[in-house]
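If you want the building blocks of each chain, they are given just below.
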Amino acid sequence: MSRSPFDDEEYDRFVFHPGDLIEVTDPEEVASLCEKTGIYPYPAEKQAWISEEGKARYRQGLPVSTFDLADEYDRLKAQGKL
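Note that the coordinates shown come from a computational prediction; the quantities given were computed from them, not determined experimentally. (Residues numbered from 1 in each chain as written. Predicted model: local features only at pLDDT ≥ 70, side-chain atom pairs only at ≥ 80, totals over all residues. Heavy atoms only, no water.)

Within this structure, the stated rule accounts for five salt bridges. We note a salt bridge from arginine 57 to glutamate 53, for which the minimum N-O separation is 3.0 Å. On the criterion of helical spacing, the pair formed by arginine 57 and glutamate 53 is a turn pair, its members being four residues apart in helix 3 (residues 44–59). The exposure class assigned to glutamate 53 is partly exposed, which follows from its relative accessible area of 25%. For arginine 57, the salt bridge goes to glutamate 72, with nearest N and O atoms at 2.8 Å. Residue arginine 57 is located in helix 3, and its partner glutamate 72 is located in helix 4 (residues 66–78); the two are separated by 15 residues in the primary sequence. On the basis of relative accessibility, which here comes to 17%, the residue glutamate 72 falls in the buried class. Overlapping salt bridges, with partners in common, bring together Glu53, Arg57 and Glu72 in one network. (Salt bridge = Lys/Arg side-chain N within 4 Å of Asp/Glu carboxyl O. Helix = DSSP H or I, 4+ residues; strand = E, 2+ residues; numbered from the N terminus. Buried < 20%, exposed > 50% of the residue type's maximum accessible area, 1.4 Å probe, protein only.)

This part covers the nonpolar core. Most often, soluble globular proteins have nonpolar side chains that are buried together. Judged by nonpolar contacts, Trp49, Ile50, Leu69, Ala70, Tyr73 and Leu76 together constitute the single largest core of six residues. Mapped onto this core, the elements with two or more residues apiece are helix 3 and helix 4. Counting residues per element, this core draws most heavily on helix 4, which supplies four residues. In this structure isoleucine 50 touches Tyr42, Thr66, Leu69 and Ala70, once residues within four positions along its chain are discounted. (Core = buried A, V, L, I, M, F, W, Y, C linked by side-chain atoms within 4.5 Å. Contact = heavy atoms within 4.5 Å.)

Right, dumping it as structure tokens:
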């Protein structure tokens, strides 16, 4: 039987397996990670709009970019349309 190229340990380093990911819920640790990475979550209202709008567009077969949706949300919010 031949070996699969995906059995390789080198490949395995880049693959998540069940149980590999651990959700970080401690607010202090989350704040520390955001500070280190410079990546901060959107406010809940904005994230909810992006999620719903993205799902609706995906169902319609339209391309979805969360970055574009975030920009659209900001524009609509500034115009008072949201």
